[in-house]
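Structure at a glance
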Amino acid sequence: MTIKNVMVIGAGQMGSGIAQVFAQSGFDVKLNDLSEEALQKGLAHMEKILSRNVEKGRMTEDEKTATLNRVQTTSSLNDASDRDLVIEAVVENMDVKTKVFQQLDQITPKHAILATNTSSLPITDIAAVTDRPDQVIGMHFMNPVPVMKLVEVIRAIQTSDETYATIEEAAKALGKTPVEVNDYPGFVSNRILMPMINEAIYTVYEGVAEPEAIDEVMKLGMNHPMGPLTLADFIGLDTCLYIMEVLYEGFGDSKYRPCPLLKKYVSAGWLGKKSGRGFYVYE
Ligand code: CAA
Ligand code: NAD
């Protein structure tokens, strides 16, 4: 099957980026969120990134307009009834995601593939709540979506070869590089990245150094584009905590224990860049 049209569920930082790259590559896109306000915020973010592309000469004003014209917004999941592919990018919570998948399974055409952008939750368990587990897959984009080349494509134990091949082709059509991995907690990307971020938070917690110093060490010493605490703020501290909890529960190993300071920040609503405060303060 070749994908022609898609729906993205969740217009947050990932969903708006995913909708943008599909629209830029000529796909017909519907973007869904719970409220008109969330949809407008997602669209405004997309427009800002596209305008920057025009300013930098990477795209013409006409191409920007054509890209935006390929995106329709909707707060009704029922609008998924004519889609070939749906990519879910809602909050990292199993109950919320499984409810969305159960509804999509009822609404979408029989041939449709249901993909999730989850950072860590088990694709096998998400697939199991549908009547088409062979057509469920992880399509894990990296943040910021328009810039990062990787799509980690995660096969649930039930995912068919045909579903995998279709998603691999779709990722390539976006100019991305798909990498195939199997379904274990955190997959490959976050199993390796998130313990590093958690360890950086422990070094703040234990007073080893200030956040600026920790980030400087990793930027200048290891050539990382962002220090781990800046990156944690950028990803969202709530998302980082949910991923650590999945790793801790999934492997039952104390090396994945979320740092108490990370839990405290999330309880305080200090979620990083998106809430205006995390390890740093954002105007
Ligand atoms: N959306 C779209 N484009 C963006 C962007 C955003 N949010 N932020 C930056 N960019 C683009 C800009 O257009 C810019 O290009 P131009 O200057 O030519 O316009 C380019 O990226 C570089 O940006 P900057 O010069 O402002 O800053 P930078 O050189 O520090 O690069 C960065 C920004 C690309 C984000 C870089 O810092 C980086 O690679 N950081 C690490 C990102 C990373 O590790 N992502 C993975 C996170 S983990 C994940 O996603 C998985 C998960 O499940 C949690
Ligand atoms: P976000 O908080 O920026 O956006 C989530 C959006 O989903 C919000 O706009 C919210 O209103 C919407 N939403 C919640 N429940 C919904 C529902 N039932 N139906 C429709 N919309 C709903 O979060 P994000 O950072 O974009 O993360 C989204 C997903 O992508 C998560 O699973 C996360 O783990 C994953 N992810 C995040 C990153 C990252 O760096 N932030 C990277 C890769 C993957």
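Residues numbered from 1 in each chain as written. Chains lettered and ligands numbered in written order. Predicted model: local features only at pLDDT ≥ 70, side-chain atom pairs only at ≥ 80, totals over all residues. Heavy atoms only, no water.

As annotated in an unreviewed UniProt entry, the protein chain carries the name 3-hydroxybutyryl-CoA dehydrogenase and is attributed to Filobacillus milosensis. Per its UniProt entry, the protein chain bears the Sequence similarities (unreviewed entry) comment "Belongs to the 3-hydroxyacyl-CoA dehydrogenase family." (UniProt positions renumbered as here; feature names shortened; annotations may be inferred.)

**With respect to the side chain of Asn 143**
Examined against the element boundaries, Asn 143 turns out to sit in the loop between strand E6 (136–141) and strand E7 (150–155). The exposure class assigned to Asn 143 is buried, which follows from its relative accessible area of 19%. (Helix = DSSP H or I, 4+ residues; strand = E, 2+ residues; numbered from the N terminus. Buried < 20%, exposed > 50% of the residue type's maximum accessible area, 1.4 Å probe, protein only.)

**With respect to the site of ligand 1**
Taken together, 18 residues are adjacent to ligand 1, and Arg 58, Ser 119, His 140, Asn 143 and Asn 190 come closest. Between ligand 1 and the protein, one listed contact pairs an oxygen atom with a side-chain N or O atom of Ser 119 at 2.8 Å. Residue His 140 places a side-chain N or O atom 2.7 Å away from an oxygen atom belonging to ligand 1. Here ligand 1 has 1000 Å² of accessible area as a free molecule, and 69% of this is covered by the chains. Listing elements by their share of the shell around ligand 1, those giving two or more residues are helix H2 (36–55), helix H7 (189–205) and helix H9 (228–235). Here the shell around ligand 1 is composed, by residue class, of eleven nonpolar, four polar and three charged. Counting only domains with at least three residues in the shell around ligand 1, you end up with domain 1 (5–182) and domain 2 (190–273). (Near = heavy atom within 4 Å. Polar contact = N/O pair within 3.5 Å; in protein donor to acceptor, adjacent residues only side chain to side chain. Areas by Shrake-Rupley, 256 points an atom, 1.4 Å probe, with all protein chains shown as cover. Nonpolar A, V, L, I, M, F, W, Y, C, P; charged D, E, K, R; others polar. Domains from an automatic or database assignment.)

**Some words on the pattern of salt bridges**
In total, this model carries eleven salt bridges according to the counting rule given. Residue Arg 155 is joined to Asp 161 by a salt bridge in which the shortest nitrogen-to-oxygen separation is 2.5 Å. Where Asp 238 meets Lys 274, a salt bridge forms, and the shortest distance between an N and an O atom there is 3.1 Å. Pair noted here: Asp 238 is in helix H10 (residues 237–251) and Lys 274 is in the segment after helix H11 (260–267), with a separation of 36 residues, a long-range link. What you see here is one network of salt bridges that share partners, running through Asp 28, Lys 30, Asp 82 and Arg 83. (Salt bridge = Lys/Arg side-chain N within 4 Å of Asp/Glu carboxyl O.)

**Some thoughts on the sheet that holds E7**
In space, the eight strands of this open sheet follow the order E3-E2-E1-E4-E5-E6-E7-E8, with mixed pairing throughout. The open sheet has two edge strands, strand E3 (71–74) and strand E8 (177–182), and neither has a second partner. On average, adjacent strands in this sheet sit at an angle of 25 degrees to one another, irrespective of strand direction. Inspection of the sheet shows E6 paired to E7 by four bridges, in the antiparallel sense. Across the sheet, His 140 pairs through a bridge with Glu 152, a residue of E7. Set on the sheet, helix H6 (residues 161–173) makes contact with strand E4 (85–88), strand E5 (113–116), E6, E7 and E8; between it and E6 the angle comes to about 25 degrees. (Pairing = 2+ DSSP bridges. Axes fitted to C-alpha atoms, helices over the stretch in contact; angles between N-to-C directions. Contact = heavy atoms within 4.5 Å.)

**Details of the nonpolar core**
With 35 residues, the main nonpolar core has Ile 18, Phe 22, Val 29, Leu 31, Leu 85, Met 139 and Phe 141 as its most contacted residues. The biggest single contributor to this core is helix H1 (residues 13–24), with six residues. Setting aside residues no more than four positions away along its own chain, Val 29 makes contact with Val 6, Val 8, Ala 19, Phe 22, Ala 23, Arg 70, Val 71, Gln 72 and Arg 83. (Core = buried A, V, L, I, M, F, W, Y, C linked by side-chain atoms within 4.5 Å.)

**Overview of the domain arrangement of the protein chain**
Here the protein chain is partitioned into domain 1 (5–182) and domain 2 (190–273). Summing both sides of the interface, domain 1 and domain 2 together bury roughly 690 Å²; the carbon and sulfur share of this comes to 60%. Looking at the side of domain 1 facing domain 2, the largest losses of area belong to Glu 92, Ser 119 and Ser 120, adding up to 50% of the total buried there. Linking domain 1 with domain 2 are zero salt bridges. Across the domain 1-domain 2 interface, the total number found is three residue pairs in polar contact (both at pLDDT 80 or more). Per-class residue counts for the side of domain 1 that touches domain 2 are three nonpolar, five polar and one charged. (Buried area = accessible area lost by both parts, 1.4 Å probe.)

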